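Summary of structural features
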Amino acid sequence: MDNFPNLKKPSHLIATLFGVGKLPFGPGTWGSFATLGIWLISSSSIQNSFSLLFIILTASIVICHFATKGLVEKDQKSIVVDEFAGMWLALFISSKISTFNIESVEAINLAIITFILFRFFDILKPFPISYIDKNLKNGFGIVLDDLIAGIAAGFLTIALYSFL
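Structural notes, computed from the coordinates. Just so it is clear, the structure is predicted and the values come from calculations on it, not from any experiment.

Considerations on the packing of helix α5 (residues 81-94) against helix α6 (residues 105-124)
Axis separation between α5 and α6 bottoms out at 10 Å; the angle between their running directions is 135°. Relative to α6, the element α5 lies oblique. Relative to α6, α5 is oriented so that their crossing is right-handed. Within the contact between the two elements, α5 uses Glu83, Gly86, Met87, Ala90, Leu91 and Ser94 and α6 uses Ala111, Thr114, Phe115, Phe118, Arg119 and Asp122. Here the contact of α5 with α6 is built from residues that sort into 6 nonpolar, 3 polar and 3 charged.

Structure representation (structure tokens):
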């Protein structure tokens, strides 16, 4: 398939987060930043919804599967729905630190720290993230490396918060 992404295809449109993945200079960072923005403007009931988290994770895998059908290079740079899933998971985990008000400066600072740590793990891909990124070339693998980066970022945010 030569013309990836074709934003007229629903799987491509969603996989690129409605075109965010086509932005130049680090589409994964743009996708993570868009997720951060959605997280910060959403209500705490949405942020704390385990059901929504499950839907996001499952839908991301399915979307990546369909978006990459017929592609030689499965993990296209413009696919950023995996960053959305991983970043949402990281924010979901790190938001469990305390019961502070979600609109507080503290909550925003923690979300920004989580964003930075998620990008760190997603870009540098330490083991086992690098192993999954290199060896699982399907919809599940495309998302799984970001989920592990999200888990690492979420728990490291908690550790840093506890330490400070």
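Overview of helix α4 (residues 50-67)
Along its 18 residues, α4 runs 25 Å from first to last C-alpha, staying within 8% of the 26 Å computed at 1.5 Å per residue. Residues Leu53, Ile56, Leu57, Ser60, Ile63, Cys64 and Ala67 constitute the buried set of α4. The buried residues of α4 occupy one face: seen down the axis, they fall within an arc of 135°. Of the residues in α4, the exposed ones pointing more than 90 degrees away from the buried face are Phe50, Phe54 and Ile55. Against α1 (10-15), α5 and α8 (139-163) lie the buried residues of α4.

Points about the packing of aromatic side chains
Under the definition given, this model contains 6 aromatic pairs. An angle of 70° between the planes, with centres 6.1 Å apart, marks the rings of Phe33 and Phe115 as edge-to-face. Here Phe33, found in helix α2 (residues 27-41), pairs with Phe115, found in helix α6; they are 82 residues apart in sequence, far enough to count as distant. Given a relative accessible area of 14%, Phe115 falls into the buried group. Seen from their ring centres, Phe84 and Trp88 are 5.7 Å apart, and the 25° between their planes marks the pair as stacked.

Thoughts on α2
Relative to the 21 Å expected for 15 residues at 1.5 Å per residue, α2 spans 21 Å between its end C-alpha atoms, a close match to the ideal helical length. On the buried face of α2, the contacting elements are α3 (44-47), α5 and α6.

A look at the side chain of Ser42
Note on placement: Ser42 falls in the loop between α2 and α3. Polar side-chain contacts of Ser42 include one of 2.8 Å to the backbone oxygen of Trp39. Polar contacts involving the side chain of Ser42 include one to the side chain of Gln47, which spans 3.3 Å. Sequence-distant contacts of Ser42, defined by excluding residues within four places in its chain, comprise Gln47 and Trp88.

Calculation rules
- Per chain, the residues get numbers from 1 upward, laid out in the order the sequence is written.
- Where local features are concerned, this predicted model is filtered to residues with pLDDT of at least 70; where side-chain atom pairs are given and counted, the filter is 80 or more; whole-chain, interface and lining totals use all residues.
- Only hydrogens and water are set aside when side-chain values are computed; all heavy atoms of the structure are taken into account.
- Structural elements are reduced to axes, namely lines fitted to C-alpha atoms, with helices fitted over the stretch in contact, and the angle between N-to-C directions of any two is expressed from 0 to 180 degrees.
- Helix and strand definitions here come from DSSP, where helices need a minimum of 4 consecutive H or I residues and strands a minimum of 2 consecutive E residues; each element is numbered from the N-terminal end.
- Note on terminology: angles under 35 degrees are roughly parallel, angles over 145 are roughly antiparallel, angles of 65 to 115 are roughly perpendicular, and the others are oblique.
- Two helices cross in a left-handed way if the nearer one is turned anticlockwise from the farther one by less than a right angle. They cross in a right-handed way if the turn is clockwise.
- In what follows, a contact means two residues having at least one pair of non-hydrogen atoms within 4.5 Å.
- Any residue that is not Ala, Val, Leu, Ile, Met, Phe, Trp, Tyr, Cys, Pro, Asp, Glu, Lys or Arg is counted as polar, Gly included; the first ten are nonpolar and the last four charged.
- One less than the residue count of a helix, multiplied by 1.5 Å, gives the span that helix is expected to have.
- Between buried and exposed lies partly exposed: a residue is buried under 20% and exposed over 50% of the maximum accessible area for its type, with that area taken using a 1.4 Å probe on protein chains only.
- Here the arc refers to the set of directions running from the helix axis out to each C-beta atom.
- A pair of aromatic rings is counted whenever rings of Phe, Tyr or Trp (Trp by its six-membered ring) have centres within 6.5 Å, and the orientation is called stacked for planes under 30 degrees apart, edge-to-face for over 60 and tilted otherwise.
- Two N or O atoms count as a polar contact when they lie within 3.5 Å, although within protein this holds only if one can serve as hydrogen donor and the other as acceptor, and sequence-adjacent residues are included solely when both atoms are side-chain atoms.

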